[in-house]
Amino acid sequence: MSGKKIILVTGSSGLVGHGIRAAIEQEGQREDEEWHFVSSKDADLQDRASTEALFEKIKPTHVIHLAALVGGLFRNLDHNLDFFRINTQINDNVLSTSHRYDVKKVISCLSTCNFPNETKYPINETMLHCGPPHETNFGYSYAKRMIDVQNKGYHMQHGRMFTSVIPTSVFGPHDNFNLHDGHVLPGLIRRAFDSKADGTPFVIWGTGSPRRQFIYSLDLGRLFLWVMREYNEVTPLILSAEADHEISIKEAAELISEAVGYHGAVIQDTSKSDGQFKKTVSNDKMRKYLPDFKFTPFKQAIKETCDWYAANADKVRK
Ligand code: NAP
Ligand code: GDP
């Protein structure tokens, strides 16, 4: 057998999947890696038979598992049960089928909203199970936490290297710009462009004071390549810029206004939920491995994302 890695990326038609594709394009395909990017069109991973048929066809040695029901605060608020059930099913199918097909390494993707709500800051990887997640996204969070439980179980019982990463709030090209379902930055970008076109005020949902750490999907893509090749701990790895890069939603909206060229009124709709106030994480563990990794400056990444939206407004998810 050749030493070639056969890498299956589930959920690769979305935001993070496109970040990984962009990272591979940037550095060039390696001869010892064969990539397979799939979406729900290739297999419904909620369905066991469909999942097994996909693995039978691709026969992956490595899996980057991104597929999930994903959404921002408002989609989570309405669908906590769906988030728990769908993601639990998808994750169990992908991990158990990976075990059955003797996959050498699986990297799944958790989120910083999976950490406890009542906590000390900055949050680190050891604190994942130390208390209930925020009420607004408990379904998604408990489903994601169970990946870490399964990874530990597969390692202890079967010696598997199934691991996970925990990025902060991701944004970039190919995000979900649906106002109800999507995350904060695509929502703000869409409304800033609409306000510029219509001459209506640019509305920030909530008070604008909650704080977030953001990661550009292209940076996350580069980090995923490193994790796939080099990270060999079962326990999760937080992928984040430094904690002092955290900004308020209001500050993010100001940078978006600047990138879009919107100069009108910015107002808050405080009838909308603020959700979790903050979930500040530490990147100390990541920096021990990658002391020199350079993140794209936030302002530049926002500008690139706004430019991408402007060029693709007729075909984006919304
Ligand atoms: P996304 O843009 O919504 O993409 C979701 C992907 O999952 C799509 O490729 C979708 O396929 C696929 N999918 C959904 N249900 C499926 C099913 N039943 N069978 C097969 N594929 C299915 O999401 P994303 O933002 O890239 O998120 C990717 C991963 O990163 C997720 O695990 C998410 O939890 C995690 N994450 C995201 C963020 C964030 O801020 N976005 C932060 C931390 C972690 P179709 O396109 O065919 O529907
Ligand atoms: P979270 O980070 O998991 O809470 O999810 P989001 O990415 O949806 O961010 C939610 C935060 O952004 C809350 O404080 C919202 O009040 C605020 N926000 C402001 N405008 C928007 C918007 O257009 N969409 C979303 N999803 N949130 C917004």
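Here the structure is a predicted model, which means the values were calculated and not measured.

**Student:** Go over the site of ligand 2, please, and point to the residues and values.
**Tutor:** Around ligand 2, a shell composed of 17 residues is seen, among which L73, R191, R212, S273 and D274 lie nearest. One nitrogen or oxygen atom from the main chain of L73 is found 2.8 Å from an oxygen atom belonging to ligand 2. Measuring from an oxygen atom of ligand 2, one finds a backbone N or O atom of S273 at 2.6 Å. A total of 540 Å² of accessible area belongs to ligand 2 in isolation, and the protein chains cover 97% of it. Listed by contribution, the elements that provide at least two residues to the shell around ligand 2 are α3 (73-78) and α6 (184-198).

**Student:** Run through the UniProt feature "domain: NAD-dependent epimerase/dehydratase" (unreviewed entry) in the chain, naming residues and quoting values.
**Tutor:** In the numbering used here, UniProt assigns the feature "domain: NAD-dependent epimerase/dehydratase" (unreviewed entry) to residues 7-233. Annotation note: span residues 7-233, helix share 44%, strand share 16%, distance between end C-alpha atoms 19 Å.

**Student:** Mind laying out the pattern of salt bridges, listing which residues take part and the relevant values?
**Tutor:** Pairing is possible between side chains of opposite charge, provided their charged atoms come close. Under the defined criterion, the tally for this structure stands at 16 salt bridges. Here D92 ties to R48 by a salt bridge, and the two come within 3.4 Å at their closest N and O atoms. Separated by 44 residues along the polypeptide, D92 in helix α4 (residues 80-100) and R48 in helix α2 (residues 48-58) bring together distant segments of the chain. Among the residues examined, D92 registers a relative accessible area of 30% and is labelled partly exposed.

**Student:** I'd like to hear about the site of ligand 1, residue by residue, with values.
**Tutor:** Around ligand 1, a shell composed of 28 residues is seen, among which S13, S40, Y140, K144 and R317 lie nearest. In this structure, an oxygen atom belonging to ligand 1 sits 2.5 Å away from a side-chain N or O atom of Y140. Side-chain polar atom of K144 to an oxygen atom of ligand 1: 2.8 Å apart, as the coordinates give it. Secondary structure elements with two or more residues in the shell around ligand 1: α1 (15-27), α5 (138-158) and β6 (169-171). Of the residues assigned to the shell around ligand 1, the class counts are 14 nonpolar, 11 polar and 3 charged.

**Student:** Break down the pairing of strand β2 (residues 33-37) for me, citing the residues and quoting the values.
**Tutor:** Sheet topology places strand β1 (residues 5-10) next to β2; 5 bridges connect them, and they run parallel. Bridge pairing in β2 places V9 opposite F37. Note that the unit made of β1, α1 and β2 has a crossover that is right-handed.

**Student:** Could you give me a rundown of the environment of S39, with the residues and numbers involved?
**Tutor:** By secondary structure assignment, the location of S39 is in the loop between β2 and α2. Note: C-alpha distance between S39 and G14 (25 residues apart in sequence) is 8.3 Å.

**Student:** Just give me the short version of the environment of G14, but keep the residues and values in it.
**Tutor:** Relative to the helices and strands, G14 is located in the loop between β1 and α1. The class for G14 is buried, based on a relative accessible area of 13%. Each C-alpha atom, one on G14 and one on K294, is 24 Å from the other, the two residues being 280 residues apart in sequence.

**Student:** Would you mind going over helix α7 (residues 217-230) in detail, with residue names and values included?
**Tutor:** Count 3.6 residues to each turn of an α-helix, and residues three or four apart come out pointing the same way. The terminal C-alpha atoms of α7, which comprises 14 residues, lie 20 Å apart, in line with the 20 Å expected from a rise of 1.5 Å per residue. Counting buried positions along α7 yields 11 of 14 residues, so the element is predominantly enclosed. The complete set of buried residues in α7 reads S217, D219, L220, G221, L223, F224, L225, W226, V227, M228 and R229.

**Student:** Account for the packing of aromatic side chains, with residues named and values stated.
**Tutor:** For the structure shown, the criterion picks out 17 aromatic pairs. Judged by centre distance (5.2 Å) and plane angle (50°), the rings of Y154 and F162 are tilted. Judged by relative accessible area, F162 falls into the buried class, the value being 0%. Their ring planes at 75° and their centres at 4.9 Å tell us that F293 and F295 sit as a pair that is edge-to-face. Each member of the pair, F293 together with F295, is buried. Over the aromatic face of W205 sits the side chain of R191, whose NZ or CZ is 4.3 Å from the ring centroid. In this structure, K272 is placed above the aromatic ring of F74, and the distance from its NZ or CZ to the ring centre is 5.8 Å.

**Student:** Let's hear about the environment of G221: which residues, and what values?
**Tutor:** Position of G221 among the secondary structure elements: in helix α7. On the basis of relative accessibility, which here comes to 2%, the residue G221 falls in the buried class. Sequence spacing of G221 and G172 is 49 residues, and the spatial spacing of their C-alpha atoms is 11 Å.

**Student:** Describe the pairing of β1, naming the residues involved and giving the relevant values.
**Tutor:** With 6 of 6 residues buried, β1 lies mostly within the body of the structure. Here β1 shows a buried face lined by K5, I7 and V9 and a second buried face lined by I6, L8 and T10. Pairing of β1 with strand β3 (residues 62-65) involves 4 bridges; the strand directions are parallel. What sits directly across from I7, in β3, is H62.

The rules behind these values
- Residues numbered from 1 in each chain as written.
- Chains lettered and ligands numbered in written order.
- Predicted model: local features only at pLDDT ≥ 70, side-chain atom pairs only at ≥ 80, totals over all residues.
- Heavy atoms only, no water.
- Near = heavy atom within 4 Å.
- Polar contact = N/O pair within 3.5 Å; in protein donor to acceptor, adjacent residues only side chain to side chain.
- Areas by Shrake-Rupley, 256 points an atom, 1.4 Å probe, with all protein chains shown as cover.
- Helix = DSSP H or I, 4+ residues; strand = E, 2+ residues; numbered from the N terminus.
- UniProt positions renumbered as here; feature names shortened; annotations may be inferred.
- Salt bridge = Lys/Arg side-chain N within 4 Å of Asp/Glu carboxyl O.
- Buried < 20%, exposed > 50% of the residue type's maximum accessible area, 1.4 Å probe, protein only.
- Nonpolar A, V, L, I, M, F, W, Y, C, P; charged D, E, K, R; others polar.
- Pairing = 2+ DSSP bridges.
- Right-handed = clockwise from strand over helix to strand, strands pointing away.
- Expected span 1.5 Å × (residues − 1).
- Phe/Tyr/Trp six-rings, centres within 6.5 Å; stacked < 30°, edge-to-face > 60°.
- Lys NZ or Arg CZ within 6 Å of the ring centre and 35° of its normal.

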